Structure formats: structure tokens, C-alpha cells
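# Analysis of the macromolecular model
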Amino acid sequence: MTAERTLLATPVHNLAAAAKAIILSTLACILAHIGFKEVVYPAIFGQKWWFQDVDATTREAVVHDTVTSFIMSPLLVWLYFLSVRLRIFAS
Amino acid sequence: MHFRLSNLSSPPLLPQVTKLGTQGVLCRWESTCQASRLGLALHCGMSAYDFVYAFPKDPSKGYVYYLHHAAVLAVFMPVLAFERLHFYAAAAALVEATNPLVMIMQQIDLFKLKESYVAGLTRVNWPIIYVFTGASLLVSWIVVRLMLLPFVGCTYFQDSAAYYAGAPELAILTKTLGAASVAAAAFIWALSCVWFVDMLKIGYKEVFGKKANQ
């Protein structure tokens, strides 16, 4: 059996696992978004903070940036760095 | 729920592939690890979250953002599912490193922090932070996006020649996946070039516009 046949034999199993992982990650991001907006920011800064005075779109954008750029991106960079380290000049 | 990322099993290396002799190439093409699986899954999840939850609430997000995220999902999902090319995907996705700096700049702009002091944040020297962040962003953008993506692309093409020379009967699926990945990386690199020019224009206006006004 060639590697490609082996590859073709596995995707149903792998696709299901990958789909589950992606759905769980999406839900985690949405939960983080709601958590920051409703719990974390109000708890840290209180109701009088300037964040409360901005319009709803701006507030959503700030929370979105917090989740994607200040939490997920550093986490992803660390995971990707672990994945590629020592292999980039391997050959 | 009976889900574990380790369920994403990789097929074993086979004799005709291992005869290629270059373990580095094989490693890049066929190896995976928990970090790459988790990273790719989280990356796809983050893009899906943007698509279904965040972007619809933000009218400023134009079609380019949707195209960018569609390209990421279209490439990373099969890479994750078929367990091939994780090295190249992970190396190219290091472009995420520029995101925090971009967002710091955007939020300083959004709240006009460099022009007017905001209650509670008056002790922070925002103009200095703005300049420092902007300079860091330009340098990291050049290294991580403009230089790294072509480097990963060149490495991919070099490796693919070696890989297919040893196993020419393999790989319609992998070739298709590789071609799609390269196309997506080229698209993201082109976008990065366009955004870099935009950043240079903003920087030029910030530096020389102020001097002209003075």
C-alpha cells in the first residue's frame, strides 16, 4: 500500500477529529469573548471606566482584539514555534 | 465527549518514502506533533469565530478580511485532517506574531490616546508607546511576514522536488494540498505587502506631516 493510499484511507477518521477540534476552539473563542465583555472587563475596570462610554461596535472590536490578538495569537505563535523549532534547517 | 487531539493519527512511513534518504524532508512533510495539531485547530477555530461571531458585528470588516480567513480555513483544515505539511503550515503561520502589535496601534488610534489623555490612563506616555510600537511593528512585519513567507515557500519547493523524486507515484492529494497551501500563502504575502505599504504611508504622514505642520 502506498503512503497516498494510506492517506486516503484515514481522512474520515481524521476529518471527524479535526472538525470536533475546530468546533471546540470556535466555542472557546466565543465563550472567551462573552466572558471578557460581560465579566472580566467590568470586574477589572468597574462601571465608570471609559470602556463603558464607547459605542457597542467599538466595544465589540476591543473585546475581539483582546481574544484574538492578545490571547490567541501569542498562544498560537508559541505552539507553532514549538512545532518548527530545530526543523527549519534540518535538511 | 470522547474527543482527543491525539485521535488525529498519522499513517506510518512506508519503505518507498523512507528510501528518499533525507529525513529532514520527510520530517517536514509527514511529521506532526501535539503542538502543531493544537495550533492548527485553534487557528481554524479562531478564524471560524471571526467568521460567524465577530465580523458580522463589525461593519468595518470588508471582503478582504473574509477572503483572508476563508484562505486560512481552506488550507489549514485539510492540513490538520490529512496530517501532511504541518511544518510548512506552522512556519508560515508564525505571521501571527505581528497581530498584538497591530492591535496595540489600532487601539491607540481608536481611543485617540496619543492626542488626548484619558481618565485613568494619564500616567502612561502614549506618544512614546505609539512610536515604539510602530517601529517594532515595521521591523517585525518585514521579518515575519515579508521575509518568512517566501522563505517557507522556497523551502517547500526545494523539499517537494526531493520528496517527489523519491516517490513519484505518490501524492495527487498531497500535491493538491501543497499547491493550495502555496497559493494561500502567496495571497497572504501579497496582502501583507499591500498592508505594509499602507503602514509606511501612515508612518510617513505621522513623522513628516507633523514636521510640516510645525
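Residues numbered from 1 in each chain as written. Chains lettered and ligands numbered in written order. Predicted model: local features only at pLDDT ≥ 70, side-chain atom pairs only at ≥ 80, totals over all residues.

When helices and strands are counted, chain A shows three helices and zero strands. The N-to-C order of helical and strand elements in chain A reads α-α-α. The buried share of chain A, taken over its 91 residues, is 29%. (Helix = DSSP H or I, 4+ residues; strand = E, 2+ residues; numbered from the N terminus. Buried ≥ 20, exposed ≤ 12 C-beta atoms within 10 Å, placed from the backbone.)

The next point concerns the nonpolar core. Residue and element names in this part refer to chain B. Core analysis: the biggest nonpolar cluster contains 52 residues, and F76, V79, L80, A89 and A92 have the highest contact counts within it. Looking at this core, the element that brings in the most residues is helix α4 (residues 63-82), giving nine residues. Aside from chain neighbours lying at most four places away, what touches A89 is L40, F76, V79 and S181. (Core = buried A, V, L, I, M, F, W, Y, C linked by C-beta atoms within 7 Å. Contact = placed C-beta atoms within 7 Å.)

A few words on the environment of K37 of chain A. Position of K37 of chain A among the secondary structure elements: in helix α2 (residues 11-45). C-alpha of K37 of chain A to C-alpha of V62 of chain A: the two residues are 25 residues apart in sequence and 9.2 Å apart in space.

Further remarks concern the packing of helix α3 (residues 56-84) of chain A against helix α6 (residues 99-110) of chain B. Axis separation between α3 of chain A and α6 of chain B bottoms out at 9 Å; the angle between their running directions is 160 degrees. One element, α3 of chain A, and the other, α6 of chain B, form an angle in the roughly antiparallel class. Taken as a pair, α3 of chain A and α6 of chain B cross one another with a handedness that is left-handed. Residue-level contacts link T58, V62, D65, T68, S69, F70, S73 and P74 of chain A of α3 of chain A to N99, P100, V102, M103, Q107 and L110 of chain B of α6 of chain B. Class assignment for the residues of the contact of α3 of chain A with α6 of chain B results in seven nonpolar, six polar and one charged. (Axes fitted to C-alpha atoms, helices over the stretch in contact; angles between N-to-C directions. Parallel < 35°, antiparallel > 145°, perpendicular 65-115°, else oblique. Left-handed = near helix turned anticlockwise from the far one by under 90°. Nonpolar A, V, L, I, M, F, W, Y, C, P; charged D, E, K, R; others polar.)

Moving on: the confidence of the model for chain B. All names here are of chain B. Chain-level statistics for chain B give a pLDDT mean of 79 and a share of 79% at 70 or above. By mean pLDDT, the top-scoring element of chain B is helix α3 (residues 34-54) (92), and the lowest-scoring one is helix α1 (residues 15-18) (40). Segment residues 1-21 is flagged for pLDDT under 50; beyond a separation of four residues in sequence, or across chains, it makes 38 contacts in the model. Reported confidences for the modelled complex are a pTM of 0.81 and an ipTM of 0.83. (pLDDT = per-residue confidence, 0-100.)

The next subject is the confidence of the model for chain A. Per-residue confidence for chain A gives a mean pLDDT of 78; residues scoring 70 or more make up 70%. Put simply, helix α1 (residues 3-9) of chain A is where chain A has its lowest mean pLDDT, 50, and α3 of chain A is where it has its highest, 90.

Residue and element names in this part refer to chain B. Within the chain, E83 stands out as a residue other than glycine whose phi angle is a positive 60 degrees. Assignment of secondary structure puts E83 in the loop between α4 and α5 (86-92). Given 22 C-beta atoms within a 10 Å radius, E83 is considered buried. A positive phi angle, near 60 degrees, is found at L85, a position not held by glycine.

Spanning 20 residues, α4 of chain B covers 29 Å between terminal C-alpha atoms, matching the ideal 28 Å at 1.5 Å per step. Just downstream of α4 of chain B lies E83 of chain B, where phi reads positive at about 60 degrees. (Expected span 1.5 Å × (residues − 1).)

Residue position: S36 of chain B is located in helix α3. For S36 of chain B, a count of 25 C-beta atoms within 10 Å gives the class buried. Between the C-alpha atom of S36 of chain B and that of A165 of chain B, which follows or precedes it by 129 residues, the distance is 27 Å. The contacts of S36 of chain B, once residues within four sequence positions are left out, are S83 of chain A together with H86 and A90 of chain B.

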